[in-house]
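Close look at the chain arrangement
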Amino acid sequence: MTAPHTSVFTPMAAELPPNISADTVSSLNADLADDHVATLTGKDKSELATIAADARSHGIPLSIVVVPGNPGHDSSLRDLATEVGKTQHGTVVVLSDDWVGTYSDSVSRVRLEWAEDAAKETHGKSSEAATIFVGRLEAPESVSWTAITSVLLLVTLAAIGGLYGVKARRARRSEGALVRSSGDLRLREDAAPDIRAI
């Protein structure tokens, strides 16, 4: 007798952009050590280093990585950012010509993706993309998720309390109706002539 085949879920392995290996990740981490910027494009990185330093002075520990072209899948930029983030703590942004991938141990995924969306499609202008990304991270949150969660919780509690009150009133009314109907039944029985006596 053979055992039935069961499939086991295994998470997908990180897919790094083409031409980027574990050795490349190690060299990126080494390159990030001095000015928090690493490029695989050969472009001057002084403007990016200024952006990273400015972000750090405003409390955002930022590391910027620039890769050439666009990978086959934009998710591989996020995978690369996550790999780099294992060594570089804080926020890592990986920029290709038109896409952005991020990782952070301090900024929420929602906020990162909001900043990513604005920084996409800059056609290889890495400094422009980095400036837009940092600008979004530094902008005050227009929506306080704590406030929204608190309001939703209060509305839910009020709804539960209201439903409980309605249910309690209905229960009291049906008890009262039951008591009245049983009292009416007794009155009718008392008022009815005794057939046996006739």
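Note that this is a predicted model, so its numbers are computed, not measured.

1. Structural notes on the overall build of the chain
Across its full length, the chain carries six helices and four strands. When its helices and strands are written in sequence order, the chain yields α-β-α-β-α-β-β-α-α-α. The buried share of the chain, taken over its 198 residues, is 29%. Within the chain, residue pairs in contact and separated by at least 24 positions form 56% of the contacts whose partners lie at least 6 positions apart.

2. A word on the confidence of the model for the chain
In the predicted model, the chain carries a mean pLDDT of 81, and the fraction of residues at 70 or more is 78%. A low-confidence stretch, residues 1–13 (pLDDT under 50), is modelled with zero contacts involving residues beyond four sequence positions or located in other chains.

3. Concerning helix 3 (residues 75–85)
Residues that lie three or four places apart on an α-helix share one face, since the helix turns once every 3.6 residues. Looking only at helix 3, the buried set comprises Ser76, Leu77, Leu80, Ala81, Val84 and Gly85. Taken together, the buried residues of helix 3 touch helix 1 (22–35), strand 3 (91–95) and strand 4 (100–104).

Parameters at a glance
- Residues numbered from 1 in each chain as written.
- Predicted model: local features only at pLDDT ≥ 70, side-chain atom pairs only at ≥ 80, totals over all residues.
- Heavy atoms only, no water.
- Helix = DSSP H or I, 4+ residues; strand = E, 2+ residues; numbered from the N terminus.
- Buried < 20%, exposed > 50% of the residue type's maximum accessible area, 1.4 Å probe, protein only.
- Contact = heavy atoms within 4.5 Å.
- pLDDT = per-residue confidence, 0-100.

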